[in-house]
Amino acid sequence: MAVQDLVTKSNQDMDNSAVTSIDFRVFLLGSQFKPGLLRQLMVYGLLIVLAALFLLPFYWMVNTALKPSNQVFRVPPTWFPKPVMWSNFYKAMTMRGTEARVSSSAPPVYKYALNTTLITVNGVVGTLMSSSMVAYAFARLKFPGQNVFFVGILSTLMIPFAVVMVPQFIIWKNLNWLDTLWPLMVPHWFGSAWNIFLLRQFFMTIPVDYDEAALMDGASRWDIYWRIIMPLSRPALAAVAVFAFVYFWNDFLGPLIILSTPENFTLTIYLVNFTVAFWQVTPWHLYMAAALIITLPCLILFFFSQRAFLKGITITGFKR
Amino acid sequence: MSATTNLIGRTTTRRKRLREALTAYAFISPWIIGFVLFMGGPILASFILSSFRWKLIAPPRFIGFNHYIKMFTTDELFQLSIGVTFKYVLVSVPLAQVLALSLALLLNQRIRLLGFWRIVFYLPAVVSGVAGSVLWSWMYHNQLGIINNLLLLVGIQGPNWLFDKEIVLGSLIVKSLWNVGVPMIIYLAGLQGMPQELYEAAEIDGAGEWVEFWKISLPMLSPVIFFNVIMGFISGLQTFAEPYVMTGGGPDNATLFLGLHLYQSAFHYLKMGYASAMAWVMFLLILTLTLVQFKLGSRWVYYEAEA
């Protein structure tokens, strides 16, 4: 009987929540406006036109990436590649010698991908660990100078990378770390202002009762941070991770300054130097194929973590 | 007796507080160390560096404020790059806000497939930096690019987007508008969080949508607009990848952004001291602009709690 009750009750709950969520959506989507037919047409018309404009570059990228080379230079362009050259992707990632001029001695692309992956994974893990630790202190502990430190952290958002770029370069030079991946990995284990802020905002929404109960049981602050706060903050951590992934994957200026031998290049450097390997004419179909492959991990990640991504932007307190 | 317990109680709370503070410092120590090593230290160092002439190979030579004097008197490239950067930021940031807010308003209508439209407008923000710049160079290609070919279909001979010094900055601005996803999402969140009572009250008073937008939505959103404008300025002033990849600063230095000029001075010409001086000017510019905006912001930004 009890089970039966529970089932009916949870069903009811679900129904109720469904109803409220629908109401909520109407409420969110602007029920204050009375949608006439003309108005609807205008809204969708605008949406379609704008969406077409925003998607146009993607279409052009995919279209070009799939063309045979002789169609790339045709005016007017072929709007749909025929035949579809899937092999362009393979070529863009492997071409050496025949089509390329100087790159026969260059390392294969997977080496760049490996470097980028290493930098990205290190950056994501480092950012998550360090930023969450700092955020925990600001969300849960009291200490002298707390506000000063917090304002200090936020104001570093204003410091352009260019300002610290030259001195940092000299530091790396003296450490003999130029042309290694260390300068692109080590500095990301010290917290980043924006993520500290974001995580602190999220940690503050977790009830303090959990901490107090754990303290009573003799847990240390580290236990609370690692065993209570972190597991409860998965959505926020996911958001930070996705942001950090896209940031490190696309990072350009850092690797550009530090790396000089091809073995150490990242994918973004590879993409920028892509045309260097060719005589005069840029093989745009291969260039676009390479650009597409390099962007793909970010696009895929975004599709699968859309919620976390969008949530991350809104955690920061703009949503009441 | 009670005095002693009191005393013990006080020392234990004090000890507790001390322990808590020490724990807290331990937790924030990564940031403190990182700040000293990678931010605060380098900023001071770059100020000191800026008073030396140093080309890495020869030992540095002290020249005082000469770099700063040179920058504002004889270095035309520097002044030009400041102009380019300002023009870009002053046009692209407001345009981006108008576009982002319009898109957010559109998405905030009662529409089907909200998730789908949101992805469409957000997606370009994921393709920022080098890949996006490479893609847009190809879009802007004079004969082979899609933009001029579409224009040809309606009988217009399009300009040479990236090689005409009169319009190249405009081309970069248009490209930047494609990456408007982040502010758009923030505006959308702001719109969705609006208290509905205000709109209901306005409707009872017979206000139309237009009035509602200007008198309710916009003032209520002003903190969000303020935030987006500041972030837009800070990142706009540091623009680097787009000009580096798409134009290399040309044609005729028409897109020589401050960030690019700085990079070239430091790493092509190895003028470490001069680049540091420029970096400091950039820092002061961002600082001043942000402070000015905070000052101006107090006039037009509406915070609910104050009312």
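Residues numbered from 1 in each chain as written. Chains lettered and ligands numbered in written order. Predicted model: local features only at pLDDT ≥ 70, side-chain atom pairs only at ≥ 80, totals over all residues.

A short note on the overall build of chain A
Okay, so step 1: A count of helical and extended segments in chain A gives 15 helices and 0 strands.
Okay, so step 2: Here chain A holds 320 residues, and the buried ones make up 37% of them.
Okay, so step 3: A fraction of 78% describes how many contacts in chain A between residues 6 or more apart in sequence connect residues 24 or more apart. (Helix = DSSP H or I, 4+ residues; strand = E, 2+ residues; numbered from the N terminus. Buried ≥ 20, exposed ≤ 12 C-beta atoms within 10 Å, placed from the backbone. Contact = placed C-beta atoms within 7 Å.)

Structural notes on helix 7 (residues 161-174) of chain A
Residues and elements named next belong to chain A.
Okay, so step 1: Over its 14 residues, helix 7 extends 20 Å from the first C-alpha to the last, a length consistent with the 20 Å expected when each residue adds 1.5 Å.
Okay, so step 2: By the burial criterion, the buried members of helix 7 are Ala162, Val163, Val164, Met165, Val166, Pro167, Gln168, Phe169 and Trp172.
Okay, so step 3: One or two steps after helix 7, the chain reaches asparagine 176, where phi turns positive at roughly 60°. (Expected span 1.5 Å × (residues − 1).)

A look at the interface of chain A and chain B
Okay, so step 1: Each partner contributes to the interface: chain A provides 77 residues, whereas chain B provides 79 residues.
Okay, so step 2: The biggest single contributor to the side of chain A that touches chain B is helix 2 (residues 37-65) of chain A, with 12 residues.
Okay, so step 3: Within the side of chain A that touches chain B, the residues separate by chemical class into 60 nonpolar, 13 polar and 4 charged. (Nonpolar A, V, L, I, M, F, W, Y, C, P; charged D, E, K, R; others polar.)

Topic: the domain arrangement of chain B
Frequently, the measure chosen for interface size is the accessible area removed from exposure when the parts meet.
Okay, so step 1: Segmentation of chain B into domains returns domain 1 (2-49) and domain 2 (68-306).
Okay, so step 2: Distance from the C-alpha centre of domain 1 of chain B to the C-alpha centre of domain 2 of chain B: 39 Å. (Domains from an automatic or database assignment.)

Here we look at the confidence of the model for chain A
Residues and elements named next belong to chain A.
Okay, so step 1: With 81% of its residues at a pLDDT of at least 70, chain A reaches an overall mean of 82.
Okay, so step 2: Confidence, read as mean pLDDT per element, is least for helix 1 (residues 2-28) in chain A (41) and greatest for helix 5 (residues 109-140) (94).
Okay, so step 3: Taken as a whole, residues 1-29 scores under 50 in pLDDT and shows 8 contacts with residues more than four places along the chain or in a different chain. (pLDDT = per-residue confidence, 0-100.)

Structural notes on unusual backbone geometry
Phi is mostly negative for residues that are not glycine, and the peptide bonds are mostly trans.
Okay, so step 1: Geometrically, the link from lysine 82 of chain A to proline 83 of chain A is a cis peptide bond, its omega value of 0° lying close to zero.
Okay, so step 2: Within the element layout of this structure, proline 83 of chain A appears in the loop between helix 3 (69-72) and helix 4 (87-94).
Okay, so step 3: For the bond running from glycine 250 of chain B to proline 251 of chain B, omega is -10°, close enough to zero to count as cis.
Okay, so step 4: Along the polypeptide, proline 251 of chain B turns up in the loop between helix 11 (241-246) and helix 12 (258-267).
Okay, so step 5: You will see that asparagine 253 of chain B, though not glycine, has its phi angle at about 60°, which is positive.
Okay, so step 6: Mapped onto the elements, asparagine 253 of chain B comes out in the loop between helix 11 and helix 12.
Okay, so step 7: We classify asparagine 253 of chain B as partly exposed; it has 16 C-beta atoms within 10 Å.
Okay, so step 8: Even without being glycine, leucine 270 of chain B reaches a positive phi, approximately 55°.

Observations regarding the nonpolar core
Okay, so step 1: Counting 161 residues, the largest nonpolar core has Leu271 and Ala291 of chain A together with Met184, Tyr187, Met278, Ala279 and Met282 of chain B as the members making the most contacts within it.
Okay, so step 2: Of the residues forming this core, the biggest block, 13 residues, is contributed by helix 11 (residues 234-250) of chain A.
Okay, so step 3: Mapped onto the domain boundaries, this core takes at least three residues apiece from domain 1 (2-49) and domain 2 (68-306) of chain B.
Okay, so step 4: Once residues lying within four places of it in the same chain are set aside, the contact partners of leucine 271 of chain A are Ala290, Ala291 and Ile294 of chain A together with Val130, Ala131 and Val134 of chain B. (Core = buried A, V, L, I, M, F, W, Y, C linked by C-beta atoms within 7 Å.)

Things to note about the environment of phenylalanine 265 of chain A
All names here are of chain A.
Okay, so step 1: Note that phenylalanine 265 resides in the loop between helix 12 (253-258) and helix 13 (267-272).
Okay, so step 2: Counting along the chain gives 108 residues from phenylalanine 265 to leucine 157, while the straight-line C-alpha distance between them is 28 Å.
Okay, so step 3: Excluding residues that lie within four positions of it along the chain, phenylalanine 265 makes contacts with Tyr112, Asn115, Leu259 and Tyr270.

So, the packing of helix 10 (residues 209-237) of chain B against helix 13 (residues 272-300) of chain B
All names here are of chain B.
Okay, so step 1: Look at helix 10 against helix 13: their axes get within 10 Å of each other, and the N-to-C directions meet at 165°. With respect to helix 13, the element helix 10 is oriented roughly antiparallel. At the point where helix 10 passes helix 13, the crossing takes the right-handed sense. Facing Ser222, Phe226, Val229, Ile230, Phe233, Ile234 and Leu237 of helix 10, the residues of helix 13 in contact are Met282, Leu285, Ile286, Leu289, Thr290, Gln293, Gly297 and Trp300.
Okay, so step 2: Tallied by class, the residues present in the contact of helix 10 with helix 13 amount to 11 nonpolar, 4 polar and no charged. (Axes fitted to C-alpha atoms, helices over the stretch in contact; angles between N-to-C directions. Parallel < 35°, antiparallel > 145°, perpendicular 65-115°, else oblique. Left-handed = near helix turned anticlockwise from the far one by under 90°.)

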